Amino acid sequence: MDQNPAMAASEKTAAAAAARARSAALLVLASIVSVQCGSALATSLFDSVGPAGAVFLRAGFGALVLLALTRGAPLRAREWRHRDVVLLGVAVAAVNFFFYAALERLPLGIAVTLEFVGPLGVAVFGSRRRQDLLWALLAAAGIVLLSDGGGGEGVDPLGVGLALTAGLFWAAYIVQSSRVGTLGPGLGGATMAAVISAVLIAPFGIVQGAGELLSPEVLAAGAAVGVLSTAIPYAFEIEALRRLPQPVFGVLMSLEPAVAAAIGFLALSQDLAGLEILAIGLVVLASAGALRSAATPVQDR
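Residues numbered from 1 in each chain as written. Predicted model: local features only at pLDDT ≥ 70, side-chain atom pairs only at ≥ 80, totals over all residues. Heavy atoms only, no water.

Participant: I would appreciate a short explanation of the overall build of the protein in the present structure.
Facilitator: Looking only at helices and strands, one finds 13 helices and zero strands in the protein. N-terminal to C-terminal, the α/β element order of the protein is α-α-α-α-α-α-α-α-α-α-α-α-α. Taking all 301 residues of the protein together, 51% fall into the buried category. Within the protein, residue pairs in contact and separated by at least 24 positions form 90% of the contacts whose partners lie at least 6 positions apart. When the accessible surface of the protein is split by element, carbon and sulfur atoms take 65% of a total near 13900 Å². (Helix = DSSP H or I, 4+ residues; strand = E, 2+ residues; numbered from the N terminus. Buried < 20%, exposed > 50% of the residue type's maximum accessible area, 1.4 Å probe, protein only. Contact = heavy atoms within 4.5 Å. Areas by Shrake-Rupley, 256 points an atom, 1.4 Å probe, with all protein chains shown as cover.)

In structure tokens:
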């Protein structure tokens, strides 16, 4: 009888941990869908303002939305001058710049598949559990299949290099997002990172986009890309990283290539081959396994 209260408390703690992991996973999924829809829409801007112009519009509008949501408070807060916030802003600018440059040369699914080397690396090298390594390897198998299924024979070499570079900065983004999330609650860190990113990208975007950046149609599309690809994902991902370990977050992000392939099929008329469908199943299974692992406390040995 004396053990019942302890057991009840343990069950309550486990249930709370599971609920916390599920809510974090939903945030990650919503972020992934949002950013891939934004990426698909951004390709429509390449002909008029180029990749750099599209990145600038994304960063600029995303920063404006986040500033509106926070009422500009991060601009007046001292803690957001922290080095980690600056590094996060640099990582945000770099990953978007190189990814959009790759997206000009590669299909959406292939570009995201190659870019995923970043979060996958975080999952593998930062793992504390054997299960996390297993899920990461399973996700890697799906990514390999997805890449082959996407038709790797005609892949642009420069596009591959750009996508892999974006992946390295994506890994830096995951690490810095986790650190910034510990500085304080709310969207302050994400907001300042978005502002820093917009400032860094501005010279490249203005030069490449020039007068077309003021076109009403371009501005409308750029605003939508900014909300979908910056404001929503950054807010959701920083909150998710407060609830999940970095390695588990990285494996959950393995859904990114699968969602990108699906969005490419639906929005950009990119067909799904049999191997791509199999790859989607593998990354979904890996993500489900990572979610279950996240809800289980680490046992000291």
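After that view of the structure, there is still more to cover.
Participant: What should I look at first to understand helix H10 (residues 216-241) in this one?
Facilitator: What sets the pattern is the α-helix's 3.6 residues per turn: residues three or four places apart point alike. Taking 1.5 Å per residue as the helical rise, H10 with its 26 residues ought to reach 38 Å, and the 36 Å between its terminal C-alpha atoms agrees with that figure. Along H10, the largest kink reaches about 35 degrees and is centred on Val227. (Expected span 1.5 Å × (residues − 1). Bend = angle between axes of the 7 residues up to and from the residue.)

Participant: Where do I start with helix H12 (residues 255-268) in this structure?
Facilitator: For H12, built from 14 residues, the straight-helix expectation of 20 Å at 1.5 Å per residue is met to within 8% by its first-to-last C-alpha distance of 19 Å. Listed as buried for H12 are Leu255, Glu256, Pro257, Ala258, Val259, Ala260, Ala261, Ile263 and Gly264. Phi for Ser269, located one or two positions after H12, is positive at around 60 degrees.

Participant: Just checking my understanding: could you explain unusual backbone geometry for this structure?
Facilitator: Most of the time, phi is negative for any residue but glycine, and the peptide bond is trans. Look at Ala210: it is not a glycine, yet its phi comes out positive at around 50 degrees. Take Ala210: it is sitting in the loop between helix H9 (188-209) and H10. A relative accessible area of 44% places Ala210 in the partly exposed class.

Interpretation in functional terms is not warranted from these geometric data alone.
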